[in-house]
Amino acid sequence: MAEIASSTQKFIDIFEIVEDVVILNNGCVSEIIQVGTINFGLLSEEEQDAAIFAYASILNSLNFPIQIVIKTQTKDITNYLNHLSDAEAKAKNPTHKAQIARYREFVKDWVKNSNVLDKRFFVVITADPVDLGITTPKNVLNQQADLNLNRYELKPIIEKAKNSLDAKRDHLISQFARLGLGARQITTQEIIKLFYNSYNPDSNEGVELINSQEYSAPIVTAGVVSHQLTQEG
């Protein structure tokens with residue numbers, strides 16, 4: 001009898017998602033800001049120039065690194081289709097009921113066949129493990145393997161990371177506001193859904209994840225598969 005133990009978490013870099021931050025296996029702690037959009041193509045030439053200069057001003061104002069992430073996926077219209085289904089169920093007129101049903105199928109087929117995409121933009125700011133006192137520059141230069149974060153108490157690490165990151169977050173949000181872009185830090189639940197959709201691109205449509213505070217066990221746990229090895233005589 002041989003047992004093979006394996007965990008999906010061995011193949012991802014995330015140690016934990018909690019208190020609106022992402023903690024990576026290497027000790028980095030990140031906050032994620034979602035940024036709104038403007039239709040650049042509809043702006044006049046003067047407005048486009050002003051937007052470009054404002055964006056350059058944002059970059060020039062930074063004294064810390066940022067990561068810009070563009071998330072592209074098929075448009076999820078599940079909620080809208082559910083709304084149409086509810087309207088169809090409530091319709092008393094048979095003609096209206098049939099019209100809503102046809103329209104719902106039309107929208108569903110059109111989005112699927114036209115490959116309608118949804119783009120979202122994020123800015124990630126990170127506190128590194130050296131600044132958080134988890135490791136030393138020497139260990140980083142020596143490319144030390146991932147830290148064993150199970151040996152640390154996470155609460156003080158998160159508090160120290162937020163003390164550093166929150167000011168940077170507020171600066172970015174105010175700078176994006178000057179550009180006419182709404183920006184906000186996404187929550188724990190939104191981060192979980194973002195990564196779930198990233199790791200499950202073919203199954204994200206219509207998926208509703210429960211509130212992270214309701215989990216009674218880790219989202220990803222190790223699975224053990226037992227194999228009975230037999231040998232023919």
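Starting afresh in each chain, residues are numbered from 1 along the sequence in its written order. Owing to the predicted nature of the model, reporting of local features is limited to residues with pLDDT of at least 70; listing and counting of side-chain atom pairs is limited to 80 or more, with chain, interface and lining totals taken over all residues. Calculated side-chain values reflect all of the structure's heavy atoms, with hydrogen atoms and water omitted.

This brings us to the confidence of the model for the protein. Residue-level confidence of the predictor is what pLDDT reports, using numbers from 0 through 100. Scored by pLDDT, the protein comes out at a mean of 80, with 77% of its residues at no less than 70. Segment residues 220–233: pLDDT under 50, and 22 contacts once partners within four positions in sequence are set aside and those in other chains are kept. Any pair of residues with heavy atoms lying within 4.5 Å of one another is described as a contacting pair.

Side-chain atoms within 4.5 Å are what join buried Ala, Val, Leu, Ile, Met, Phe, Trp, Tyr and Cys residues into a set we call a nonpolar core. Residue exposure (1.4 Å probe, protein chains only): buried if accessible area is under 20% of the type maximum, exposed if over 50%, otherwise partly exposed. Counting residues in each nonpolar core, the largest one holds 26 residues, and the members touching the most others are I23, V29, I33, V35, L132, L172 and F176. Taken together, the elements giving at least two residues each to this core come down to β3 (21–24), β4 (29–35), α1 (45–60), β6 (117–127) and α5 (154–178). Here this core takes seven residues from α5, the largest share from any one element. Beyond its immediate sequence surroundings of up to four residues, V35 is in contact with F121, V123, F176, L181, G182 and A183. In this description a helix means any DSSP run of H or I spanning at least four residues, a strand means any run of E spanning at least two, and both kinds are numbered starting from the N terminus.

All right, on to unusual backbone geometry then. Residue E19 is not a glycine yet carries a positive backbone phi of 50 degrees. According to the relative accessible area criterion, E19 is partly exposed, its value standing at 34%. For D20, which is not a glycine, the phi torsion comes out positive at approximately 65 degrees. Structurally, D20 can be placed in the loop between β2 (14–18) and β3. Residue classification places D20 among the partly exposed positions, given a relative accessible area of 27%.

Burial of β4 is extensive: six of the seven residues sit out of reach of the surface. Taken together, the two bridges between β3 and β4 define a ladder with antiparallel strand orientation. Of the residues in β4, the one forming a bridge with V22 is S30. By the convention used here, strands pair only if DSSP detects at least 2 bridges between them. Once β3 ends, the chain turns through four residues before running back antiparallel as β4, passing G27 with a positive phi of about 95 degrees. Both β4 and β6 contribute to a ladder of seven bridges, which runs antiparallel. Bridging across to β6, E31 finds its partner in I125. Both β4 and strand β7 (residues 183–185) contribute to a ladder of three bridges, which runs antiparallel.

With that settled, consider the pattern of salt bridges. Once their charged atoms are close, side chains differing in charge can pair, the charge on each being opposite to the other. One side-chain nitrogen of Lys or Arg within 4 Å of one carboxyl oxygen of Asp or Glu is enough to make a salt bridge. Following the criterion strictly, the structure yields seven salt bridges and no others. The partner of D166 in a salt bridge is R169, and the shortest N-O contact between them spans 3.3 Å. Highlighted residues: D166 and R169, both in helix α5, separated by three residues, approximately one helical turn. By relative accessible area, D166 is classed as partly exposed at 22%. Linking D170 and R169 is a salt bridge whose minimum nitrogen-to-oxygen distance equals 3.0 Å. Classification of D170 by relative accessible area gives partly exposed; the value is 41%. Connected through shared salt-bridge partners, E88, R104 and E105 make up one network.

A word on the layout of surface pockets. Here a cavity means grid points, on a 1 Å grid over the protein atoms only, where a 1.4 Å probe fits yet cannot get out; a pocket means an open set of points with protein on both sides within 12 Å along at least five of seven lines; lining residues are those with an atom within 4 Å of a point. Grid points are joined across faces, edges and corners, and a volume is the space filled by probe spheres set on the points. Quantified by volume, the second largest pocket comes out at close to 400 Å³. Taken together, 18 residues line the second largest pocket, and the ones lying closest to its centre are G36, Y55, F176, L179 and L181. Here the lining of the second largest pocket takes five residues from α1, the largest share from any one element. Residues of the lining of the second largest pocket, tallied by class, amount to 16 nonpolar, two polar and no charged. By the convention adopted, Pro, Cys, Tyr, Trp, Phe, Met, Ile, Leu, Val and Ala count as nonpolar, Lys, Arg, Asp and Glu as charged, and the other residues, Gly among them, as polar.

If you check helix α3 (residues 94–114), its first and last C-alpha atoms are 30 Å apart, about what 21 residues at 1.5 Å a residue would give, namely 30 Å. Along α3, the residues that are buried comprise A101, R104, V107 and V111. Across the axial projection of α3, the buried residues extend over an arc of 130 degrees, all falling on one side. Exposed residues lying more than 90 degrees from the buried face of α3 are P94, R102, F106 and N113. Packed against the buried residues of α3 are α2 (78–90). We define a polar contact as two N or O atoms separated by no more than 3.5 Å, with the added condition that, inside protein, one atom must be a possible hydrogen donor and the other a possible acceptor, whereas residues neighbouring each other in sequence contribute only through side-chain atom pairs. For α3, the side-chain oxygen to backbone nitrogen distance between the N-cap and T95 is 2.8 Å, and the N-cap itself is N93. Helix span, expected: 1.5 Å multiplied by one less than the number of residues in the helix. It is the directions from the helix axis to the C-beta atoms whose arc is reported.

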